[in-house]
Amino acid sequence: MSYDFSIDQDKTQIGTMNADTTQMVTNANATQYAANVICPVCQTPNPPSEIYCTDCGFMLSAQPVEIADIPQAQPTGKLTTVDGTQEFSLQMGENTVGRESADVLVAHNTVSRKHAKIIVEGASVFVEDMGSTNGTYVAGNRVMQGERMELKDGCEVTFGGVTFKYTAPEMPAGEPEQEASTEEPSVEPVEEQTVESDVIESDAIEPEEEPQAPVALGSMVSIDGSLSFEIMPGVNTIGRRAGSNMIVVPDSYASGHHADLTAEDGNFVLTDVGSTNGTLVNGVKLDANAPRELQPGDEITIGQTVFKIEVI
Amino acid sequence: MNDSTQMIFPDDPNKTRIGGIDPNATQMGTGWDANRTAMASSMQAITLECVAENNYALATGNTREHILAKITAGGMAMGARMPVNICLILDHSGSMEGPPMEFMKQACGYVVDLLEPNDVLSIVTFADNAEVMMPARRVVNKALIKEHINRLDLGNTTNLYDGIALGCSQVASIPAQGYVNRALLFTDGEPTAGNKDFSAIVGQVTEQKSRGITVTALGLGQEYNEELLAAIAKRSGGNYYYITRPELIPEVFRKELETLMMLVARNVRMRVQMSRWVQVRQIYGKLPTFGYRSAEVTLADLERGEAQSAIIELGLDSRPGGKYRVAKVEVTYDDSVTGRTETVSSDVVVEFTTDAGLISSGVNPVVQREIEVAEASRNLEKTVMGMRTQQIAPADAVRELEKTRSLLIDQGRTLQAQDIQNAINDIKQGTGAEKTLVGTIINLDRGKSK
């Protein structure tokens, strides 16, 4: 009975979260005992009080219309922000990247309105810079204007100050993983003998292992010892805002997103991303968006908190 | 004739203020349930309505869909106004000598007169450094406060950054609960001392906003940096005023204070919660922050009877046919009367179909008009940028502005069209028009109307 107004699409529902409106039943006191409603489209179980599927939004009182000529969803790759808050599925053909009306919308001051495009051609994916102010980088290498760089599975692509990880579509062949793990024991006896063989073997296995357990490359410890953070491979975002930073500094002088610490090829690089109160390395203030390489033992100041860099 | 100060929200005394429950004010397009509106607005200070550009979308492909979110504040006075906690952040650099200084002092006197004993006032001045002239306290001894103001002397340079920091710290020294707070930043020049970096100053204002402090930017004359003041107002959700002549300063201060006393909703934030297979492609004129399947933006504070709108562009993926809630829009705000944080929300429902006839019949012209206005604002931004960098000749700028002006007239945005006419006149007389136009852009982006 409470569905009647929701079916009328022209009508907007005024949100009345107030408890004394009886029409809208909130989940809190309604559900527990009744059976969940399975969404016919995405199979998500929903509390019976929900009018729309909490996942895909389908109106649960209706049945979906099967449409015969929906194009087969081709497996495409995706871009994920380092903090995991945003994920974009790439489409075949051109995908625009920018700060305004883009397929990959990156709302950041260092990103141009029309920054770059990603071209998906069959199984290959390329990046082109569209004359952006702060540049596009693939695994740290700048994409020059008019140049095309290919994206490989797991590589990082940076637009201005924002870094994404590219994940290639899953291929039907899931076997190699098992082969690799069965090979592993046979490698073990050899492991300690020669350095060369170790390097070669671990190279072959690494792609399987890395996503599961990334190993910290160093740590960032506050001078008073009260805070300690691991530095992971890739970009470590630093800031005051919990949830969107990998290193959360509880200091009111730190900006929401304050700086990025990138660990790559054994080097640590610190970049202030335009914080209000600045980032200091050994007492010297960094220019915004100017990367600075760090050495073990360097003291860095975020807001009013001083950290020491330690390398494992 | 109307050469007076070009303010963002000119108050037309002849116009009756339309109440939030007046059907003319709230009805947008189709199917509005008058009873529910009345019910909602009696409980909530603001109402939210979301309208889709098209009620139908193609099930077999990717579609772009625009959503117009309109936020309307109730028109009725609800009890006594909340006390204000304001800080006047005043530029007393050398260039303020003569009439600007005299009128600024007079303006501050007006502010003191308008405040009541339970309001809180602080005054911070900046030139080479920032100083607290009067720490945050209740406005009891008005004569004494004015005496202090009259003793203000001229300094040399303009240390805007420290002025903002000190002013906001004065506002923050009073518990936020129970007050409508605001920092009024008044300046006539470019920052010339302290931290002069554009992004550092704007960044600081953004930080202050996250602590609930709104900054209104008031620029006097031709020398101040309109790009900077506009960015401050934009990030902060406060107002932007371009004061053309010193004798208009008191009037503008009075206007801002009245605006403040009429506020019903502060710290207004809009959050778009996306369902699966939906992406936010942009929120016009705003820089969203993203969470898991969500995008959030800060909106301007709302006065009684005032409305503002935002346009959200969504990308919708293909899926089985049927009705879907593609997004849920939530607006959270602090109610200025009760002091409580409230939320209103609205579902955006779209039917996915393969019927081309339905899709072409489902277009909502109201939303399309608003999109045109939003795009006019982008064009205006480009024109201003071109004028500033001197890449557009004055004659070409006038031609671009004429185009935007006639579009705004067509869309019923007469106030902004008038602003643009003023700007065109300025250009023709050989004076800069950027200071007027940045205000027009803020105003268009906020989609404010009364």
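What you see is a predicted model; the values in this text were computed from it and never measured.

A. Structural view of the overall build of chain B. The helix and strand tally for chain B stands at 13 helices and 18 strands. Looking at chain B as a whole, 60% of its 450 residues are labelled buried. Expressed as a percentage of contacts within chain B between residues at least 6 apart in sequence, the contacts between residues at least 24 apart total 76%. If you sum the accessible surface of chain B, you get close to 17100 Å²; carbon and sulfur atoms cover 50% of it.

B. Local environment of the packing of helix α10 (residues 365-388) of chain B against helix α11 (residues 394-410) of chain B. Residue and element names in this part refer to chain B. One can describe the packing of α10 onto α11 by two numbers: an axis separation of 10 Å at closest approach and a directional angle of 160°. By the angle between their directions, the pair α10 and α11 is classed as roughly antiparallel. When you trace α10 past α11, the crossing you get is left-handed. On the side of α10, the interface is formed by E372, V373, A376, L380, T383 and M387, while α11 contributes A397, E400, L401, T404, L407 and L408. Taken together, the residues that form the contact of α10 with α11 break down as 8 nonpolar, 2 polar and 2 charged.

C. Highlighting helix α12 (residues 414-428) of chain B. Residues and elements named next belong to chain B. Helix length check: α12 (15 residues) gives 21 Å between terminal C-alpha atoms against 21 Å at 1.5 Å per residue, within 8%. Here α12 has its buried residues at Q416, A417, D419, I420, Q421, N422, A423, I424, D426 and I427. Just downstream of α12, G430 is the residue with a positive phi angle, here 85°.

D. How the structure looks around the pattern of salt bridges. The full count for this structure, using the stated rule, is 36 salt bridges over all chains. With a shortest N-O distance of 3.3 Å, E227(B) and R388(B) are connected by a salt bridge. Pair noted here: E227(B) is in helix α7 (residues 226-236) and R388(B) is in helix α10, with a separation of 161 residues, a long-range link. The network of salt bridges with shared partners includes E100(A), R113(A), K234(B), R378(B), E381(B) and D445(B).

E. Structural view of the sheet that holds strand β23 (residues 299-302) of chain A. All names here are of chain A. Pairing in this open sheet of 6 strands is antiparallel, and the strands run β15-β14-β24-β23-β20-β21 from one edge to the other. This sheet does not close on itself; its edge strands, each paired only once, are β15 (228-231) and β21 (284-285). Alignment of strand β14 (residues 218-222) against β15, held across 4 bridges, turns out to be antiparallel. Looking at the pairing, M220 lines up with F229 of β15.

F. Region of the structure containing the pairing of strand β16 (residues 307-316) of chain B. All names here are of chain B. Counting buried positions along β16 gives 10 out of 10 residues, so the element sits mostly inside the fold. On β16, burial covers both faces: A307, S309, I311, E313 and G315 on one face and Q308, A310, I312, L314 and L316 on the other are all buried. Judged from the 10 bridges that link them, strand β4 (residues 63-73) and β16 form a sheet pairing that is antiparallel. Bridge pairing links T63 to L316 in β16. Sheet topology note: the strand β12 (residues 278-283)/β16 ladder contains 5 bridges and is antiparallel. Considered in β16, the bridge of V280 is made with L314.

G. Spatial organisation of the sheet that holds strand β4 (residues 87-89) of chain A. Residues and elements named next belong to chain A. If you walk across this open sheet you meet the 6 strands as β4-β3-β13-β12-β9-β10, and the pairing is antiparallel. One side of each edge strand has no neighbouring strand; the edge strands of this open sheet are β4 and β10 (141-142). Bridging between strand β3 (residues 78-81) and β4 involves 3 bridges; their strand directions are antiparallel. By the bridge assignment, L79 is partnered in β4 with F88.

H. Focus on empty space enclosed by the protein. Residue and element names in this part refer to chain B. Enumeration over the complete set of coordinates arrives at 7 cavities of 30 Å³ or more. Forming the walls of the largest cavity are 14 residues, and the residues nearest its centre are S309, I311, A374, L444 and D445. At the level of secondary structure, the elements contributing two or more residues to the lining of the largest cavity comprise β16, α10 and α13 (434-446). Considering each element in turn, the lining of the largest cavity owes the most residues, 4 residues, to α10. Taken together, the residues of the lining of the largest cavity sort by class into 6 nonpolar, 3 polar and 5 charged. When residues of the lining of the largest cavity are assigned to domains, at least three map to each of domain 1 (33-77 + 264-363) and domain 3 (367-446).

I. Summary view of the packing of α10(B) against α13(B). Residues and elements named next belong to chain B. Direction vectors running N to C along α10 and α13 enclose 155°, while the axes themselves pass 9 Å from each other. By the angle between their axes, α10 is roughly antiparallel relative to α13. For the pair α10 and α13, the crossing hand works out as left-handed. Seen from α10, the contacting residues are V373, S377, R378, L380, E381, V384, M387 and R388; seen from α13, they are E434, L437, V438, T440, I441, L444 and D445.

J. View of the pairing of strand β14 (residues 294-298) of chain B. Residue and element names in this part refer to chain B. In this sheet, β14 lies alongside strand β11 (residues 263-274) in antiparallel orientation, the contact comprising 5 bridges. Directly across from V272, in β14, lies its bridge partner A295. Linking strand β13 (residues 289-291) back to β14 in an antiparallel pair, the connection comprises 2 residues, with R293 at a positive phi of about 50°.

K. Region of the structure containing unusual backbone geometry. Unlike most non-glycine residues, A139(A) shows phi in positive territory, near 50°. Checked against the element boundaries, A139(A) lands in the loop between β9 (136-138) and β10. Positioned with a positive phi, Q390(B) is a non-glycine residue whose angle comes to about 55°. When you line up the elements, Q390(B) lands in the loop between α10 and α11. Residue classification places Q390(B) among the exposed residues on the basis of a relative accessible area of 71%.

L. How the structure looks around the confidence of the model for chain B. In the predicted model, chain B carries a mean pLDDT of 84, and the fraction of residues at 70 or more is 89%. This prediction of the complex comes with two scores: 0.65 for pTM and 0.71 for ipTM.

M. Seen up close, the packing of aromatic side chains. For the structure on display, the rule yields 7 aromatic pairs over all chains. Ring centres 5.0 Å apart and planes at 65° place the aromatic pair F58(A) and Y324(B) in the edge-to-face group. In this pair, F58(A) is assigned in the loop between β2 (45-46) and β3 and Y324(B) in strand β17 (residues 322-335), connecting two distinct chains. According to the relative accessible area criterion, Y324(B) is buried, its value standing at 0%.

N. Fine view of helix α6 (residues 198-210) of chain B. All names here are of chain B. Taking 1.5 Å of rise per residue, the 13 residues of α6 would be expected to cover 18 Å, and the 19 Å separating its terminal C-alpha atoms lies within 8% of that figure. Where α6 is buried, its residues meet α5 (160-172), β9 (215-220), α7, β11 and β14. Of the residues flanking the end of α6, it is G212, one or two places downstream, whose phi is positive at about 90°.

O. How the structure looks around the confidence of the model for chain A. All names here are of chain A. Per-chain confidence: chain A averages 74 in pLDDT, with 72% of residues scoring 70 or above. Here residues 1-32 is a poorly scored stretch, pLDDT under 50, and it has 64 contacts once near neighbours within four places are set aside; other chains count. For the stretch residues 173-212, pLDDT sits under 50, and the model shows 7 contacts to residues farther than four places along the chain or on other chains.

Calculation rules
In this numbering scheme, every chain counts its residues from 1 along its sequence in written order. A letter from A marks each chain and a number from 1 marks each ligand, given out in the order of writing. Confidence filtering applies because this is a predicted model: local features only for residues at pLDDT of at least 70, side-chain atom pairs given and counted only at 80 or more, and all residues used for totals across whole chains, interfaces and linings. Note: side-chain values were computed over all heavy atoms of the structure, leaving out hydrogens and water. In DSSP terms, a helix is any run of H or I states spanning at least four residues, a strand is any run of E spanning at least two, and both are numbered starting from the N terminus. With a 1.4 Å probe rolled over the protein chains alone, any residue whose accessible area is under 20% of its type maximum counts as buried; one over 50% counts as exposed, and the rest are partly exposed. Should any heavy atoms of two residues lie within 4.5 Å, those residues are considered in contact. What sets the accessible areas is the Shrake-Rupley method with a 1.4 Å probe; for residues, cover comes only from the shown protein chains. Note on method: axes are straight lines fitted to C-alpha atoms, helices fitted across the in-contact stretch only, with angles between N-to-C directions ranging 0 to 180 degrees. Angular relationships are summarised with four words: roughly parallel below 35 degrees, roughly antiparallel beyond 145, roughly perpendicular across 65 to 115, and oblique for the angles in between. Should the near helix be turned counterclockwise from the far one by less than a right angle, the crossing is left-handed, whereas a clockwise turn marks it as right-handed. Any residue that is not Ala, Val, Leu, Ile, Met, Phe, Trp, Tyr, Cys, Pro, Asp, Glu, Lys or Arg is counted as polar, Gly included; the first ten are nonpolar and the last four charged. A helix is expected to span 1.5 Å for every residue after the first. By salt bridge we mean one thing: a side-chain nitrogen of Lys or Arg within 4 Å of a carboxyl oxygen of Asp or Glu. Two strands form a pair only when DSSP identifies at least two bridges running between them. Here the term cavity refers to a set of points on a 1 Å grid, laid over the protein atoms alone, in which a 1.4 Å probe fits but cannot get out; the term pocket refers to an open set having protein on both sides within 12 Å along at least five of seven lines, with lining residues being those that place an atom within 4 Å of a point. Grid points are joined across faces, edges and corners, and a volume is the space filled by probe spheres set on the points. Annotation comment: domain bounds sourced from an automatic or database domain assignment. Confidence scores labelled pLDDT are given residue by residue by the predictor and lie between 0 and 100. Between 30 and 60 degrees the pair is tilted, below 30 it is stacked and above 60 it is edge-to-face, where a pair is any two Phe, Tyr or Trp rings, Trp via its six-membered ring, whose centres lie within 6.5 Å.

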